[in-house]
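Reading the structure
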Number of protein chains: 2
Amino acid sequence: MREVLAQAAFQLFLERGFERTTVDDIVARAGVGRRSFFRYFPSKEDAVFPDHERCLAEMTEFLAAADDGDPVGAVSDAARIVLRMYADNPEFSVQRYRLTREVPGLRTYELSVVRRYEQTLAGHLRSRFGADGDGALRAEVIAASVVAAHNNGLRLWLRSGGEGDPEAAVDHALALVREVWGRPAASAAPAAPGASAAVPAVPLAVSGGGDGDGEVVVMVARKGTPMWRVVQQIESAVGEN
Amino acid sequence: MREVLAQAAFQLFLERGFERTTVDDIVARAGVGRRSFFRYFPSKEDAVFPDHERCLAEMTEFLAAADDGDPVGAVSDAARIVLRMYADNPEFSVQRYRLTREVPGLRTYELSVVRRYEQTLAGHLRSRFGADGDGALRAEVIAASVVAAHNNGLRLWLRSGGEGDPEAAVDHALALVREVWGRPAASAAPAAPGASAAVPAVPLAVSGGGDGDGEVVVMVARKGTPMWRVVQQIESAVGEN
C-alpha cells in the first residue's frame with residue numbers, strides 16, 4: 001500500500017508538477033481513501049522521499065553495532081547505506097533529483113533529511129571521541145565532511161543520469177575524507193610521541209591515494225618531537241627499513 | 001522601517017509564539033500598513049533573520065576581493081562575517097537561537113540559509129581549485145568543514161547565553177579545519193617531492209595546535225618519497241637543523 005501510494009504520487013508529480021498535485025489526486029490514482037495516505041506519509045513531501053526514514057533507522061542500527069576501533073570508517077560505511085538506497089532504483093532516483101531541483105519545498109525537505117543524517121553520524125563520532133576537549137567539534141566537522149563527500153559522489157552519478165557505478169565516485173570522495181581524517185589507530189602504527197590529544201587524531205598512518213596513483217603518508221606530531229622518533233615512525237609506515 | 005518591522009515581529013514572536021503571530025499583528029504593532037511588511041520581507045521567517053541577505057552579499061563581495069594565495073583562509077575569514085553579525089547583538093542572537101530551537105519552520109529556514117553560505121564558500125574554493133580532478137570535491141568538503149566548525153563555535157557561545165568572546169571559540173574551531181586542510185602554499189615550506197596533486201593540498205607546514213599547548217607538523221607525501229627528502233623537509237619545518 002505504502003509503495004502503491006508513493007508510486008501514484010510520483011507519477012502525478014512528474015505529470016502535473018508537485019505543486020499542482022493534491023493528496024486527493026494521489027489517493028484517487030492509487031484507488032484508496034484519503035486517510036490511507038496520511039497513515040503512511042505525514043505530508044506530500046514525504047511521499048517523494050519514501051525511504052529516508054527506513055534509511056535513517058538502518059544507519060542508526062548499523063552504527064550502534066559498529067566496531068569501536070574505526071569511527072571515521074564506520075560513519076563512511078553508514079553513509080553508503082544512503083547511496084545504496086539511491087542506487088537500488090536509478091531511474092526513480094534520477095527523476096526525483098530533477099524534480100527536487102525544480103521545487104523549493106522539496107529542496108528544503110531534502111536539506112532537513114541531510115541534516116538528520118549528518119546529526120546521526122556526528123552523534124556516533126561524539127560517542128566515540130568523547131565530550132572532552134575537541135571531541136564534539138571533531139565529530140561535527142568530520143560528519144559534515146563525510147556528508148559533503150558522499151553527496152558530491154552521489155550528485156555526480158545523478159547528474160550523469162544514473163549511468164555507471166555510483167559506488168566508484170562515492171568511494172573516491174570518501175577516501176579523500178579518510179586521507180585527511182586518518183585511519184583507525186588500531187590498524188596503524190602508534191602515534192608519534194608527543195602527539196597532542198587536542199589536534200585531530202590523525203595517527204601516523206598510510207592511506208591509499210584517491211587516484212590509485214600512489215599512496216600518501218599523513219603524519220601529525222607535536223613540534224619538538226625528537227627527529228629520530230619521527231624518522232622511526234615514518235620509516236615503519238612507508239616500509240623503508 | 002525595516003528594523004522597526006523586524007523588532008515588532010520579534011517581540012511578538014517572543015510574547016505569543018511564532019505560529020500564533022500573524023503579519024497583521026506585526027504591522028499593527030509597528031504602526032504601518034500590511035504591504036509595508038512584504039516590501040521588506042518575503043515571509044514571516046525572513047523577519048526573524050533580517051540580516052542574512054546582507055551578510056551573504058557582504059561575503060560574496062569579500063570573497064571576490066580575496067587574495068588568491070590562501071583560499072582556505074579566505075573562506076574561514078568569510079565565515080567570520082556571519083559570526084560578527086551574531087556577535088553584534090548578543091541578546092537578540094541568543095533569544096532567536098532559543099526561538100529557532102522551538103519552531104520547526106525556523107529551523108528549516110535556517111538550514112536553507114546555512115546551505116547558501118556553504119554554497120557561496122564552495123563556489124569560491126571551486127574557482128580557486130579549478131574544476132579539474134578533485135577541485136570541486138575538495139571545495140565542497142572544505143566548505144562543509146568550515147561551516148560545521150564555525151557553527152560549532154557559534155553554538156557554544158549561543159548556548160552559553162552569549163557570554164564572553166564568541167571569536168575565541170570560532171577561531172579555535174576554524175583552526176582545526178586549517179590544520180587539516182593546510183595553510184597557503186606561499187607561506188609554507190615547499191611541498192615534499194612527489195606530493196600528489198590529487199590528494200588534499202596540505203603542503204609541508206607548521207601550524208599552531210588549537211589548544212595553545214604546542215605546535216604540530218602536518219606532512220603529506222606520496223609513499224616512496226626518498227627518506228632523506230622527507231627528513232629534510234621536516235627538519236626545515238620544525239627548525240631542528
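All values derive from a computational prediction rather than experimental measurement.

Examining the overall build of chain A
Each helix and strand in chain A was counted, giving 11 helices and 2 strands. Counting from the amino terminus, helix and strand elements in chain A follow one another as α-α-α-α-α-α-α-α-α-α-β-β-α. Burial status across chain A gives 51% buried among its 241 residues. In chain A, the proportion of contacts linking residues at least 24 apart, taken out of those at least 6 apart, comes to 59%.

Focus: the environment of Trp-157 of chain B
Residues and elements named next belong to chain B. Inspection of the secondary structure puts Trp-157 in helix α9 (residues 135–159). For Trp-157, a relative accessible area of 4% translates into the label buried. For the pair Trp-157 and Val-94, spaced 63 residues apart in the sequence, the C-alpha separation amounts to 8.8 Å. Setting aside anything within four residues of it in sequence, one finds Trp-157 in contact with Tyr-86, Ala-87, Pro-90, Ser-93, Gly-162, Glu-163, Gly-164, Asp-165 and Pro-166.

Brief notes about the nonpolar core
Core analysis: the biggest nonpolar cluster contains 128 residues, and Leu-121 of chain A together with Leu-121 of chain B have the highest contact counts within it. When neighbours within four sequence positions are excluded, Leu-121 of chain A is seen to be in contact with Met-59, Leu-63, Val-75, Ala-78, Ala-143, Val-146 and Val-147 of chain A.

Digging into helix α9 (residues 135–159) of chain A
All names here are of chain A. Between its terminal C-alpha atoms α9 stretches 36 Å, which fits the 36 Å expected from 25 residues at 1.5 Å a residue. Of all 25 residues making up α9, 22 are buried, and the element is well covered by its neighbours. Of the residues trailing α9, Gly-161 is marked for its positive phi of about 85°.

Brief notes about the pattern of salt bridges
Evaluated as defined, the whole model comprises 26 salt bridges over all chains. Here Arg-34 of chain B makes a salt bridge to Asp-24 of chain B, at a shortest N to O gap of 2.9 Å. Within this pair, whereas Arg-34 of chain B is found in helix α3 (residues 34–40), its partner Asp-24 of chain B is found in helix α2 (residues 23–30), the two being separated by 10 residues in sequence. Owing to a relative accessible area of 43%, Asp-24 of chain B belongs among the partly exposed residues under this scheme. Close ionic contact of Asp-70 of chain B with Arg-178 of chain B constitutes a salt bridge, the shortest N to O distance being 2.7 Å. Taken together, the residues Asp-70 of chain B in the loop between α5 (52–64) and α6 (71–87) and Arg-178 of chain B in helix α10 (residues 166–181) connect sequence positions 108 residues apart. With a relative accessible area of 18%, Arg-178 of chain B lands in the buried category. A single salt-bridge network, built from bridges that share partners, covers Asp-77, Arg-80 and Asp-171 of chain A.

Reading the values: rules and limits
Residues numbered from 1 in each chain as written. Chains lettered and ligands numbered in written order. Predicted model: local features only at pLDDT ≥ 70, side-chain atom pairs only at ≥ 80, totals over all residues. Heavy atoms only, no water. Helix = DSSP H or I, 4+ residues; strand = E, 2+ residues; numbered from the N terminus. Buried < 20%, exposed > 50% of the residue type's maximum accessible area, 1.4 Å probe, protein only. Contact = heavy atoms within 4.5 Å. Core = buried A, V, L, I, M, F, W, Y, C linked by side-chain atoms within 4.5 Å. Expected span 1.5 Å × (residues − 1). Salt bridge = Lys/Arg side-chain N within 4 Å of Asp/Glu carboxyl O.

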